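# Observations on the three-dimensional arrangement
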Amino acid sequence: MTPTSPETPTSAETPTRPASTTRTRSTRRLTTAQALVAFLARQYTERDGRRHRLISATWGIFGHGNVAGIGQALVEAGNGIDNGDANAYGNTNAHSGGNAHGNSDGNGYGSRTAPRMPYLQGRNEQAMVHAAVGYARQSGRLSAHAVTTSIGPGATNLVTGAALATINHLPVLLLPGDIFATRPADPVLQQLEVPYAGDVSVNDCLRPVSRYFDRVTRPEALIPAALQAMRVLADPAETGAVTLALPQDVQAEAYDWPEEFFAERVWPVRRPAPDAAELEAAVRAVRSARRPLIVAGGGVRHSGAEETLAAFTAATRIPVASTQAGKGSLRHDHPADVGGIGHTGTATAGELARTADLVIGVGTRYTDFTTASGTLFENPAVRFLNLNITGFDAHKLAALPLVADARTGLEALTSALAGRGYRVDPAYETEYTGAKEAWEERVEASFATPDPTARPTQTQVLGLLDTLVTEEDILINAAGSLPGDLHKLWRTRSRDQYHVEYGYSCMGYEIPAAIGVLLATEARTRPRPVWALVGDGTYLMNPTEIVTAVQENLPLKLVILQNHGYASIGGLSEAVGGERFGTAYRHRAPDGGFTGPPLPVDLAANAASLGLHVLRATTVDDLRKALAEARDAEGPTCVYVETETPDTVSGPPPAQAWWDVPVAETASRPAAVKAREEYDRQVAARRRHL
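A short tour of the structure in this document, coming up. (Residues numbered from 1 in each chain as written. Predicted model: local features only at pLDDT ≥ 70, side-chain atom pairs only at ≥ 80, totals over all residues. Heavy atoms only, no water.)

## Focus: the packing of helix α16 (residues 458–468) against helix α17 (residues 482–489)
Where α16 meets α17, the closest approach of the two axes is 11 Å, and the angle between their N-to-C directions is 50°. Here α16 lies oblique to α17, going by the angle between them. The crossing of α16 and α17 is right-handed. Taken together, the residues of α17 that come into contact with α16 (itself represented by Q458, T459 and L462) are L482, D485, L486 and L489. Across the contact of α16 with α17, the residue classes tally to four nonpolar, two polar and one charged. (Axes fitted to C-alpha atoms, helices over the stretch in contact; angles between N-to-C directions. Helix = DSSP H or I, 4+ residues; strand = E, 2+ residues; numbered from the N terminus. Parallel < 35°, antiparallel > 145°, perpendicular 65-115°, else oblique. Left-handed = near helix turned anticlockwise from the far one by under 90°. Contact = heavy atoms within 4.5 Å. Nonpolar A, V, L, I, M, F, W, Y, C, P; charged D, E, K, R; others polar.)

Here you go:
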């Protein structure tokens, strides 16, 4: 992608600079780290005439690999947060003034017009990436954060977060320190020695999980590397984790940088339109379909195509099922919304998928949860039409491809169908709206709390939240049994309410991601209730950023559901013959198994020790009051509840479609033998869509 130069503005707000009046090349002497920070502070994205800071803040934990480089540069960049600056984190655009162009207090390498680079203090490197990802998703991928670490474990801790960002197509800039480029001493502290290659460091672990990777071994090499990094971050098809590995000696080395490197650059986020021939083929496919079904994925949200999708369904009456990333593309009460699809989806969407003759994927990757591992779309005549900004995803399942931005593509498809009188048969519309109403009755049964003095089940916790939230609330989750319950049952009220990370389904994502979301929603000036829902297993994975929420006084609302172990994997283990082995948090019994009493772990006390205000709930009534108090709280607050094992009344509906988890082909234990028999029966239904 080619950025807009200041001399060729695309809008009234595009910055300009005077033409040079001399042939003398102007330079500025800075360290590599100083130059990088100054460069990042002047990068913008633009889409639909609105500009955003591309890199609006930098997370960091400092060690010997970055403290004297990026750390020192951030000090000089005037990184302090001005409480009076509504745009301190750069999540708004230039139209609203504020800090979009930066308001320097005289810092910033001698330039009074230099934008600030806000600094955020993290406690765990993986968590910092999760926070940056949460920020990027809430910002519509138009604004991102950078993350700086030292070398060694600080750098390798980035790998999980980088994989999550790349899999979910969410931008984050990683700036790990690296070993000396000049090798004055070899090896240095935390250096990985590879006998067959002298240019390999632990940072090479980041190559396969990054959309772009470069090691800046000379100051001048930063110029092309930084430009390429911005190109990828702003590219709606290519975006993900971008890594610039920075040797610690190069970070501190000075160089005479051309002033042009620090000019403001605007990176247009394109909306490619569909090819005319592909569009015509798509129109023919839709017009010939009798039982079409839309599968809305995360691309709908990334494109901001929710209203366009609603207009398309209003014109055609085609029902819309959603993936985890696409849930919220339509409000839960929209007539065409039939809920989640796939293994964790609704019965309504599952039955429509089994009988569909045309599946229209919009911005979806078709993971195995969506396709029920290739067993969901049973109609022998089913065909696929995939609208996606990447050709790679558009061609999946041997589909007719419609390679385009989701919003642009839906607009074109709606317009092309407008004069041709297409609309689904009224009987089909009556069928799916009736099935939707029946599913709502199952949701109500799951949410019901007949005994206010009883310990709540997990689905009753969701039901109590459901009665409390408005379209302003945002729910964040990633792993365990909660994603399945949420996908089936949650009534999404706004386009950004449902924030479930299920591309990587990473335990420990929720708390730091909530911090990123709070920063993106301007928590200091326009609070929105942001809920991080975690089980005890997830909490123990990554609670460290609670301290950051307390430090920044962000009104995080953390809900801890204590069920004494890995409940989700326990259930899966039982289903595949694993007999729940190693999934309970219990004392070891005399027979060697973990079947003793529950461990005396007090997660509420732990959360309180990290600075949260904690509300303990033991009954349904307690929980109702605690959730309401937490929602109104102005500071970071935790609701802790021990959940009951669900019964047949208040438990969630079972899985509505299969998911392939291979079962032992030979076994002596009856549980595994029985599970294999069921596996063989299910796998026989899988088909290749060719």
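## Comments concerning the packing of aromatic side chains
Counted under the stated rule, the structure contains twelve aromatic pairs. Look at Y428 and Y432: their rings are 5.7 Å apart centre to centre, the planes differ by 80°, and that puts the pair in the edge-to-face class. Of the two residues, Y428 and Y432 both sit in helix α15 (residues 426–447), four residues apart, roughly one turn of that helix. The same class applies to Y428 and to Y432, which are both buried. Both rings, one in W658 and one in Y679, keep their centres 5.6 Å apart while their planes meet at 55°; by these two values the pair is tilted. Of this pair, W658 sits in the loop between β23 (637–642) and α24 (670–683) while Y679 sits in helix α24; the two residues are 21 residues apart in sequence, bridging distant segments of the chain. Overall, the relative accessible area of 10% leaves Y679 in the buried class. Chaining the aromatic ring pairs together yields one cluster made of F39, Y255, W257, F261 and F262. (Phe/Tyr/Trp six-rings, centres within 6.5 Å; stacked < 30°, edge-to-face > 60°. Buried < 20%, exposed > 50% of the residue type's maximum accessible area, 1.4 Å probe, protein only.)

## Description of the nonpolar core
By size, the foremost hydrophobic cluster in this structure holds 53 residues, and its most contacted members are W59, V147, L174, Y539, L558 and I560. The element that contributes the greatest number of residues to this core is helix α18 (residues 510–520), accounting for eight residues. In this structure, A296, V338, L417 and Y422 belong to the second largest nonpolar core, which totals 51 residues. (Core = buried A, V, L, I, M, F, W, Y, C linked by side-chain atoms within 4.5 Å.)

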